[in-house]
Amino acid sequence: MEEQVIHARILRYSPGDKVSRVDMFVVPYSPGMTFQTMLRYIYENTDPTLAFRDYRCGRGVCNTCSIKVNGRVIRSCQTPVRAGVKVFLEPANDRIIRDLVVELD
Amino acid sequence: MSDYEVLKTEVLIIGGGAAGVRAAIGADNQRADVCLVSKGPVARSGVTPLAYQSLQAAFGISDARDNPDIHYQDTIVEGRHLSDENLARVLADESIPRALDLEKFGIKFKKQGEKFFQILHPGQTYPRNLVIVGGGFGLIYGLKRELQRRTRVRILEDFCVSHLLEDRGELVGAFGLNMRDGRFYAIGAKSIVLACGGYEELWGNSDTPPDSTGDGVFLGFKAGADVIDLEMVQYYPTVFAHPESLRGILVLYETLLEREHLDFRLVNNEGKEFLPEAPIPARDTLTRLIFTEIEDGRGTEHNGVYIDPGRSSKSHEEIDGLVNELLKVPDTNLKKLGIDLRKDRIEVCPAVHYTMGGIRINEKAETSVPGLFAAGENAGNVHGANRISGNALSETQVFGARAGKFASEYAKGRRHDSLPMRVIKEGVQEWKEFMRKKKEGIRSLVLRRELKRVMDCSMGPNRNEGGMKKALDKVLDLRQNALAKVAVTGGRVFNVDWRTAMEASTALGLAELVIRSALLRKETRGHHFRSDFPQTLETPQHTLVRRRDHEIGVAFSPVRRPDQ
């Protein structure tokens, strides 16, 4: 059986950059995977410089893991990712600190 | 532009959970100049938002026989006589006024008419837990709102303190990294409150968020403060062991396993039930029974055991109804993740839930270092060898308020107020050392993962000398050899790897102290179970760790009885 993967494009921005860029990651799917565990996979295995909020409560309470997926704000720890999908990830609001990390309300 | 900032305050609070925020309010009440720094966003990080709804205070509403004397007795008896009895006294007496403060701050409690609704939890002689609407999140959200009303308090979030600064033996401030702008900060302070929570994240199996790495305990230790009873770690018997996205989420086993509820069964990888006939054992025993199955090779693929709905005596319809009615795995979308509790067996394992050890304090929340205070889970000698439900949140309020008040008094009485450039430069230098060597090498998360494996394996609910000595060797090896090879890449702003490297360094240092304390305690007491020393000694004693120059001293220390 062909390995199931997720194609994730992530908007990257660091302070001082004139423009943002988009990086593409191919992530192997595992059952029960959420957007949070997918980001963690990328940080642990592919790109140590990815900035995202990983102090998540994992229970949908703190909302620090909010990101925009295909234009819609979701809580990444509560949203399963499906095998084979292509997704575009952006910060949840315009007050970007770096990559997917924003100032929270 | 220099790469560091210098700030000044009177009282510096480190930690943005229930204890830290209450300390900030307490210090502001004394009209001190206050700065609060938090490793994550206040009210959205740490353990408080995940706490359950219980805060213990002996109002004696549900049962008029209850009073603070009985709260005090319950705390020390259930703490297996290892609580500092003077602290237990303060906790029992002041939970009542501190709960009333919370109401004034706008935090809502479940009420019956005008009066608090109180429920009984294990370890309480009479029903004593107040029920906070919205649980831990409701509490910390309300506290944060109160803090924001006090506009003089300065708040820095996403701020990691690396060490406390001293000048000629006096505490003068703290040094750290502000993740938001990627710059180092030296904060001059006349007094400091440590309120950074516990150290559950030294273990892999835990039900806490990833930031609970015991930073405050290790900061205090490095500054010379006495650290107490670090081996005392409270387990919760069942959390999800799998899948990864649910790891560490509590599974309310009482509801699932009780005969009169769902009547599901705990089974090992051979499909065998291993609990004795009803009733379900108490938490410490249940934890050990599950752990023994896993340790003896009868665990699941992900080092757990199964909760199996297949053998329930209930009909499908009954199960369906009861799952909907009783089971609140908070907010997790089990079904979306492909798990149906009615049909699927789930993998569960015991997890570290609360750490009783920490920095030793007295009734004024003072540590053994002048000007340094500690409160909440960061402090150590309040609960002894076992903590009863509801006392964790009470402790944050009682000792948070005291720490804030007495830290202000200390600051007001201190004339000396300088943060010499030499001290700042030393701080910057230390950081640069730490970060310089690191272009290529080991990822710090590999160290953290390795430490977790060692702690789960040898520092779990069943401990023995041989296993712990091996664990100590491994931890020392990681500390002395691997830590220097840690690599960190990327920019300065919100560099997750930098923070992970700091946390790995703290966790490895603290793990050594935890294991040394556990080796010293050659008895079984509360949550410290020694298979090689199963008896409980007649006279309880604290284990005490203290830094003197570069030596670590581990020794026993007597438990303080009233007014000692």
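Conventions and cut-offs
- Residues numbered from 1 in each chain as written.
- Chains lettered and ligands numbered in written order.
- Predicted model: local features only at pLDDT ≥ 70, side-chain atom pairs only at ≥ 80, totals over all residues.
- Heavy atoms only, no water.
- Helix = DSSP H or I, 4+ residues; strand = E, 2+ residues; numbered from the N terminus.
- Rg over C-alpha atoms; globule rule 2.2 N^0.38 Å.
- Buried < 20%, exposed > 50% of the residue type's maximum accessible area, 1.4 Å probe, protein only.
- Contact = heavy atoms within 4.5 Å.
- Areas by Shrake-Rupley, 256 points an atom, 1.4 Å probe, with all protein chains shown as cover.
- Lys, Arg positive; Asp, Glu negative; His and termini not counted.
- Charge placed at Lys NZ, Arg CZ, Asp CG, Glu CD.
- Pairing = 2+ DSSP bridges.
- Axes fitted to C-alpha atoms, helices over the stretch in contact; angles between N-to-C directions.
- Buried area = accessible area lost by both parts, 1.4 Å probe.
- Salt bridge = Lys/Arg side-chain N within 4 Å of Asp/Glu carboxyl O.
- Polar contact = N/O pair within 3.5 Å; in protein donor to acceptor, adjacent residues only side chain to side chain.
- Nonpolar A, V, L, I, M, F, W, Y, C, P; charged D, E, K, R; others polar.
- pLDDT = per-residue confidence, 0-100.
- Expected span 1.5 Å × (residues − 1).
- Bend = angle between axes of the 7 residues up to and from the residue.
- Parallel < 35°, antiparallel > 145°, perpendicular 65-115°, else oblique.
- Core = buried A, V, L, I, M, F, W, Y, C linked by side-chain atoms within 4.5 Å.
- Phe/Tyr/Trp six-rings, centres within 6.5 Å; stacked < 30°, edge-to-face > 60°.

**A closer look at the overall build of chain A**
Right, so step 1: Helices and strands together make up the secondary structure of chain A, namely 1 helix and 7 strands.
Right, so step 2: For 105 residues, the compact-globule formula gives about 13 Å, and the C-alpha radius of gyration of chain A, at 13 Å, lands near that figure.
Right, so step 3: When its C-alpha atoms are laid out on the principal axes, chain A stretches across 45 × 30 × 25 Å.
Right, so step 4: Here chain A, with 105 residues, has 50% of them falling under the buried criterion.
Right, so step 5: Taking contacts inside chain A between residues at least 6 apart in sequence as the whole, the part at least 24 apart equals 47%.
Right, so step 6: Only carbon and sulfur atoms are counted for the fraction: they give 47% of the accessible area of chain A, which is about 4900 Å².
Right, so step 7: Each charge class in chain A was averaged separately, 15 positive and 12 negative side chains, and the resulting centres sit 4 Å apart.

**Description of unusual backbone geometry**
Residue and element names in this part refer to chain B.
Right, so step 1: For the bond from H242 to P243, the omega torsion is -5 degrees, close enough to zero to count as cis.
Right, so step 2: Relative to the elements of secondary structure, P243 occurs in the loop between β15 (233-240) and α6 (253-257).
Right, so step 3: Of note, A365 is a non-glycine position whose phi angle comes to about 65 degrees, a positive value.
Right, so step 4: By secondary structure assignment, the location of A365 is in the loop between β19 (358-359) and β20 (372-374).
Right, so step 5: Not every positive phi belongs to a glycine, and F494 is a case in point at roughly 40 degrees.
Right, so step 6: Examined against the element boundaries, F494 turns out to sit in the loop between β22 (486-487) and α13 (496-520).

**Structural notes on the sheet that holds β20 of chain B**
Whenever strands of a sheet pair, they do so through backbone hydrogen bonds, lying parallel or antiparallel.
Residues and elements named next belong to chain B.
Right, so step 1: Pairing within the open sheet is parallel, and its 5 strands lie in the order β9-β3-β2-β13-β20. Edge positions in the sheet fall to β9 (154-157) and β20, since each of these pairs with one other strand and no more. Taken pair by pair, the neighbouring strands of this sheet meet at an average axis angle of 20 degrees, ignoring direction.
Right, so step 2: Relative to strand β13 (residues 191-194), strand β2 (residues 11-14) runs parallel, the two being bridged by 4 bridges.

**Notes on the interface of chain B and chain A**
Right, so step 1: Opposite the 39 residues of chain B that make contact, chain A presents 34 residues.
Right, so step 2: For the pair chain B and chain A, the summed buried surface comes to about 3000 Å²; carbon and sulfur atoms form 56% of the total.
Right, so step 3: Run the count over chain B and chain A and you get 3 salt bridges.
Right, so step 4: The interface formed by chain B and chain A contains 16 residue pairs in polar contact (both at pLDDT 80 or more).
Right, so step 5: Of all the secondary-structure elements, those providing two or more residues to the side of chain B that touches chain A are α11 (444-458) and α13 of chain B.
Right, so step 6: Among the elements that line the side of chain B that touches chain A, the one with the most residues is α13 of chain B, at 5 residues.
Right, so step 7: Class assignment of the residues belonging to the side of chain B that touches chain A gives a composition of 15 nonpolar, 10 polar and 14 charged.

**Side note on the confidence of the model for chain B**
Right, so step 1: Of all residues in chain B, 97% have pLDDT values of 70 or greater, and the mean over the chain is 93.
Right, so step 2: Scored by ipTM, the complex comes to 0.95, with pTM at 0.95.

**A closer look at helix α3 (residues 85-104) of chain B**
Working note: α-helix, 3.6 residues per turn, so residues spaced by three or four point in the same direction.
All names here are of chain B.
Right, so step 1: Helix length check: α3, at 20 residues, gives a terminal C-alpha distance of 29 Å against a target of 28 Å (1.5 Å per residue), a fit within 8%.
Right, so step 2: When the local axis directions of α3 are compared, the greatest deviation, roughly 40 degrees, occurs at E94, which is followed within four positions by the proline P97.
Right, so step 3: Here α3 lies mainly inside the structure; 14 of its 20 residues are buried.
Right, so step 4: Just downstream of α3 lies G106, where phi reads positive at about 100 degrees.

**A short note on the pairing of strand β4 (residues 72-75) of chain A**
Right, so step 1: With 4 bridges joining them, strand β3 (residues 66-69) of chain A and β4 of chain A adopt antiparallel strand pairing. Looking at β4 of chain A, one finds that S66 of chain A is bridged to R75 of chain A.

**Notes on the sheet that holds strand β16 (residues 265-267) of chain B**
Residues and elements named next belong to chain B.
Right, so step 1: Taken together, 4 strands build an open sheet; the order of strands is β15-β18-β17-β16 and the sheet is antiparallel. Each end of this open sheet is capped by a strand with a single partner; those strands are β15 and β16. The mean inter-strand angle of the sheet, taken between neighbouring strand axes irrespective of direction, is 40 degrees.
Right, so step 2: Against the sheet, helix α7 (residues 283-298) contacts β15, β16, β17 (305-308) and β18 (346-355), and its axis sits at roughly 60 degrees relative to β15.

**A few points about the packing of helix α5 (residues 215-222) of chain B against α13 of chain B**
All names here are of chain B.
Right, so step 1: Packing of α5 against α13 brings their axes to within 10 Å, and their N-to-C directions diverge by 75 degrees. On the basis of their axis angle, the class for α5 and α13 is roughly perpendicular. Of the residues in α13, those in contact with D215, V217, F218 and F221 of α5 are T506, G509, L510 and L513.
Right, so step 2: Partitioning the contact of α5 with α13 into residue classes produces 5 nonpolar, 2 polar and 1 charged.

**With respect to the nonpolar core**
All names here are of chain B.
Right, so step 1: L143, L164, L202 and W203 are the most contacted members of the largest nonpolar core, which has 155 residues in total.
Right, so step 2: Filtering out sequence-adjacent residues up to four positions away, W203 remains in contact with V233, Y235, V352, K452, M455, D456, M459, G460, R463 and V514.
Right, so step 3: Counting 31 residues, the second-largest nonpolar core is a separate cluster that includes L246, I249, L262 and I290.

**Focus: the side chain of S389 of chain B**
All names here are of chain B.
Right, so step 1: With respect to the element layout, S389 can be found in the loop between β20 and α9 (391-412).
Right, so step 2: Here the side chain of S389 touches N129 through a polar contact of 3.0 Å, side chain to side chain.
Right, so step 3: For S389, the contacting residues outside a window of four places in its chain are S54, Q56, H121, P122, Q124 and N129.

**A few points about the pattern of salt bridges**
Residue and element names in this part refer to chain B.
Right, so step 1: Going through the model one piece at a time under the given rule, you end up with 64 salt bridges over all chains.
Right, so step 2: Residue K474 is joined to E450 by a salt bridge in which the shortest nitrogen-to-oxygen separation is 3.7 Å. With K474 in helix α12 (residues 465-482) and E450 in helix α11, this pair connects stretches of sequence that are 24 residues apart.
Right, so step 3: The partner of E523 in a salt bridge is R525, with the nearest N and O atoms 2.9 Å apart. The two residues E523 and R525 agree in class, both being buried.
Right, so step 4: Taken together, the salt bridges that share partners define one network made up of R22, E94, R98, D101, K104 and R402.

**What to know about the packing of aromatic side chains**
All names here are of chain B.
Right, so step 1: One pass over the full model with this rule turns up 10 aromatic pairs over all chains.
Right, so step 2: Ring centres of F218 and F221 lie 5.7 Å apart, and the angle between their planes is 25 degrees; this geometry places the pair in the stacked category. One end of the pair, F218, and the other, F221, are both in helix α5, 3 residues apart, so they sit about a helical turn from each other.
Right, so step 3: Accessibility expressed as a relative area gives 6% for F218, which makes it buried.
Right, so step 4: Every member of this aromatic cluster is reached through a ring pair, and the members are F59, F109 and F116.

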